[in-house]
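Here are the chains, one letter per residue:
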Amino acid sequence: MPVRNIRTITATPATTLATTLAFALLMSGCEPEGASGETPSQPYTDFFTPIPESAVFPTDNPFSEEKRVLGEFLFWDPILSGGMNVSCASCHHPEFGWADGRDFSIGVDGMGLGPNRTGVLETPFHSPTVLNTAFTGIARTEVSDDFVSGPYFWDLRAATLEDQAIEPIRSEVEMRGSGFLEEEIMPELLARLAAIPQYADLFSAAFESAEPITETNLAQALATFQRTLKTSPTRFDRFLAGEETALTGPEVVGLNKFINGGCTDCHSGPLLSDVLIRENQPVQVDRPAVRTASLRNVERTAPYMHDGSRRTLRDAIALYEGRDDLGVTLEDDDFGDIENFLRTLTDDTFYRDVPPSVPSQLPVGGDIGN
Ligand code: HEC
Ligand code: HEC
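Draft legend 1. Spotlight on the site of ligand 1. Neighbouring residues of ligand 1: 28 residues in total, closest Cys-88, Cys-91, His-92, Phe-153 and Trp-154. Here a nitrogen atom of ligand 1 sits 3.2 Å away from a polar atom, N or O, in the side chain of Gln-164. Arg-291 places a side-chain nitrogen or oxygen 3.0 Å from an oxygen atom of ligand 1. Of all the secondary-structure elements, those providing two or more residues to the shell around ligand 1 are helix 3 (161-170) and helix 4 (172-176). With five residues, helix 3 is the single largest residue contributor to the shell around ligand 1. Counted by class, the shell around ligand 1 contains 15 nonpolar, ten polar and three charged residues.

What follows is the structure in structure tokens.
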């Protein structure tokens, strides 16, 4: 269960004065310059919640270590791609924060890893991290025992992690390739898995059924593994829990500018995302509508935005310069402060094990240069 500590900020007389002055300026029609670094009038826990210590597993796919182990092998095994050369890890690799460090991803005709991966066909979207996907949706939903995380993808088209897992397998550009039709690939993969004794054993151990190698079970195992991939609480979480010295003064200024600058209208909750598609989103021209991005570990998952068009975190923040239609009045001076704050969301202790081999005996992760 996530802890929801309430930390009430008691306004000092100075803060009250500054807030009153800012309010008076607004009322008189003069915009205050930049976003204020003053303590916001609401407690921080009105905007953010500490990151949960562990995932809530759905009742129709409860956790088991056997499922996790199977899911991990499947995640790294290129047997799931038509040409047996791409795995989930080709585009979601721990070295790149479980994303791939590219603007767009290269799937079936690719060689290499991350920015060094070469090939011709690219995905239409930037690969997001799969870390913390167990917590997607917590911003909008009270977490109860029947909480189901989601939805997923930039356009939110997959309701659950189980639904999501089948999509890259069916996608011609990501994993299927042109050698198989969409309706052919799943029967082909299930037959391949059944022919490998270690997979037959792993599926039997994970699922109680006479014929455990099914599409549903494949998706459940992948989802179970991914639900265990998460970042641990950072100094920001300790700050939210009431440890006032966990952030430095400049970081608190950045946090306050993030709130007073309107960022929390969309970037809220434990992942700093409401997981909604908003009308007034930051990247608008000629681009599809996408959901608010999570900002957990954002320092580790450059480049940014659904098209990877912003190379650095500073560039991503600078996108909001002067956007008063978003309710923000950020100026150059504010970017660095906000960046300092966003770096407090970084945790580098996340799981990054790479299995030494996969049951198919194909190269671990696919043609990624291991
Ligand atoms: C060729 C690169 C590639 C491969 C291979 C790949 N993915 Fe992805 N993944 C992406 C891209 C790109 C997106 C964003 C697509 C979109 O939003 O339409 C994505 C999105 C996701 C998401 C959604 C994350 C979120 O926050 O919405 C999950 C989960 C995921 N992938 C898991 C997997 C799994 C599991 C596999 C293997 C079965 C896999 N991916 C294979 C590139 C890849
Ligand atoms: C109206 C909702 C909204 C507001 C307000 C908003 N954002 Fe965003 N933010 C988004 C959306 C949507 C995306 C993804 C946009 C895309 O990929 O094209 C995003 C993406 C980002 C990213 C890139 C994350 C990544 O991994 O690609 C950063 C950094 C960011 N926002 C910071 C901020 C800051 C700082 C503010 C306040 C100045 C802010 N946002 C205000 C909706 C919002």
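There is more to say, and it comes next.
Draft legend 2. Broad picture of the coordination of the iron atom of ligand 1. Its sole protein donor being His-92 (NE2), the iron atom of ligand 1 sits 2.1 Å from that atom. Examined against the element boundaries, His-92 turns out to sit in the loop between helix 2 (65-76) and helix 3.

Draft legend 3. Local environment of the coordination of the iron atom of ligand 2. Those donors, His-267 (NE2) and Tyr-320 (OH), are the protein atoms that reach the iron atom of ligand 2, and they lie 1.8 to 2.0 Å from it. Metal-centred angles of 85 to 179° between the six donor atoms at the iron atom of ligand 2 mark the site as octahedral. In this pair, His-267 sits in the loop between helix 9 (249-260) and helix 10 (313-318) while Tyr-320 sits in the loop between helix 10 and helix 11 (332-342), placing the two residues 53 residues apart along the sequence.

Draft legend 4. Expanded view of the packing of aromatic side chains. Taken as a whole, this structure holds 14 aromatic pairs when the rule is applied. Ring plane angle 70° and centroid distance 5.3 Å describe the contact between Phe-236 and Phe-341, whose orientation is recorded as edge-to-face. Taken together, the residues span a long stretch of sequence, with Phe-236 in helix 8 (residues 235-240) and Phe-341 in helix 11 at a distance of 105 residues. For Phe-236, a relative accessible area of 0% corresponds to the buried category. Put simply, the rings of Phe-47, Phe-48, Phe-236, Phe-258 and Phe-341 touch in pairs and so form one group of aromatic residues. If you follow Arg-157 out to its NZ or CZ, it ends over the ring of Phe-153, 3.8 Å from the centre. The ring of Trp-154 carries the charged tip of Arg-291 above its face, separated from the ring centre by 4.8 Å.

Draft legend 5. Focus on the confidence of the model for the chain. Residue-level pLDDT values for the chain average 89, and 89% of them are 70 or greater. Note that residues 1-33 has pLDDT below 50 and, in this model, 34 contacts with residues that lie over four places away or in other chains.

Draft legend 6. Layout of the site of ligand 2. Close to ligand 2 lie 27 residues, the nearest being Cys-263, Cys-266, His-267, His-306 and Tyr-320. Met-305 has a polar backbone atom sitting 2.6 Å from an oxygen atom of ligand 2. Taking Tyr-320, its side chain carries an N or O atom lying 2.6 Å from a nitrogen atom of ligand 2. Here the shell around ligand 2 is composed, by residue class, of 19 nonpolar, six polar and two charged.

Draft legend 7. Fine view of a negative patch on the surface. Taken together, Glu-321, Glu-331, Asp-332 and Asp-333 make up a surface patch of like negative charges. Residue placement: Glu-331 occurs in the loop between helix 10 and helix 11. Since its relative accessible area comes to 37%, Glu-331 is described here as partly exposed.

Draft legend 8. The arrangement of helix 3 in detail. Counting buried residues in helix 3 gives seven out of ten residues, a clear majority hidden from the surface. Buried within helix 3 are the following residues: Leu-161, Glu-162, Gln-164, Ala-165, Ile-166, Pro-168 and Ile-169.

Draft legend 9. Here's a closer look at helix 6 (residues 197-206). Along helix 6, the residues that are buried comprise Tyr-199, Leu-202, Phe-203 and Ala-206. When helix 6 is viewed along its axis, its buried side chains cluster within an angular range of 95° and face the same direction. Those residues of helix 6 that are exposed and angled more than 90 degrees off the buried face are Pro-197, Asp-201 and Ala-205. Where helix 6 is buried, its residues touch helix 2, helix 5 (182-194) and helix 7 (215-227).

Draft legend 10. Region of interest: the nonpolar core. One finds Leu-74, Leu-80 and Tyr-199 to be the most contacted residues of the largest nonpolar core, which totals 39 residues. Listed by contribution, the elements that provide at least two residues to this core are helix 2, helix 3, helix 5, helix 6 and helix 7. With near-sequence residues (within four places) excluded, Tyr-199 lies in contact with Leu-70, Phe-73, Leu-74, Asp-77, Ile-79, Leu-193, Pro-359 and Ser-360.

Draft legend 11. Geometry of the packing of helix 2 against helix 6. Two elements in contact, helix 2 and helix 6, have axes separated by 8 Å at closest approach and are oriented at 145°. Crossing of helix 2 against helix 6: the hand is left-handed. Where helix 2 approaches helix 6, its residues Glu-66, Lys-67, Val-69, Leu-70, Phe-73 and Leu-74 are matched on the opposing element by Gln-198, Tyr-199, Leu-202, Phe-203, Ala-205 and Ala-206. In terms of residue class, the contact of helix 2 with helix 6 is built from nine nonpolar, one polar and two charged.

Draft legend 12. Layout of the side chain of Thr-292. Within the secondary structure layout, Thr-292 lies in the loop between helix 9 and helix 10. Here Asp-274 takes part through its side chain, which lies 2.8 Å from a polar atom of the side chain of Thr-292. When neighbours within four sequence positions are excluded, Thr-292 is seen to be in contact with Cys-266, His-267, Ser-273, Asp-274, Val-275, Leu-276 and Arg-278.

Conventions used here
Residues numbered from 1 in each chain as written. Chains lettered and ligands numbered in written order. Predicted model: local features only at pLDDT ≥ 70, side-chain atom pairs only at ≥ 80, totals over all residues. Heavy atoms only, no water. Near = heavy atom within 4 Å. Polar contact = N/O pair within 3.5 Å; in protein donor to acceptor, adjacent residues only side chain to side chain. Helix = DSSP H or I, 4+ residues; strand = E, 2+ residues; numbered from the N terminus. Nonpolar A, V, L, I, M, F, W, Y, C, P; charged D, E, K, R; others polar. Donors = N, O, S within 2.8 Å, 3.2 Å for Na, K, Ca; no water. Tetrahedral: all angles 85-135°; square planar, octahedral: opposite > 155°, others 65-115°. Phe/Tyr/Trp six-rings, centres within 6.5 Å; stacked < 30°, edge-to-face > 60°. Buried < 20%, exposed > 50% of the residue type's maximum accessible area, 1.4 Å probe, protein only. Lys NZ or Arg CZ within 6 Å of the ring centre and 35° of its normal. pLDDT = per-residue confidence, 0-100. Contact = heavy atoms within 4.5 Å. Patch = residues over 30% accessible without salt bridge, like charges linked within 9 Å, V, L, I, M, F, W, Y side chains within 5 Å. Areas by Shrake-Rupley, 256 points an atom, 1.4 Å probe, with all protein chains shown as cover. Salt bridge = Lys/Arg side-chain N within 4 Å of Asp/Glu carboxyl O. Lys, Arg positive; Asp, Glu negative; His and termini not counted. Charge placed at Lys NZ, Arg CZ, Asp CG, Glu CD. Arc of directions from axis to C-beta. Core = buried A, V, L, I, M, F, W, Y, C linked by side-chain atoms within 4.5 Å. Axes fitted to C-alpha atoms, helices over the stretch in contact; angles between N-to-C directions. Left-handed = near helix turned anticlockwise from the far one by under 90°.

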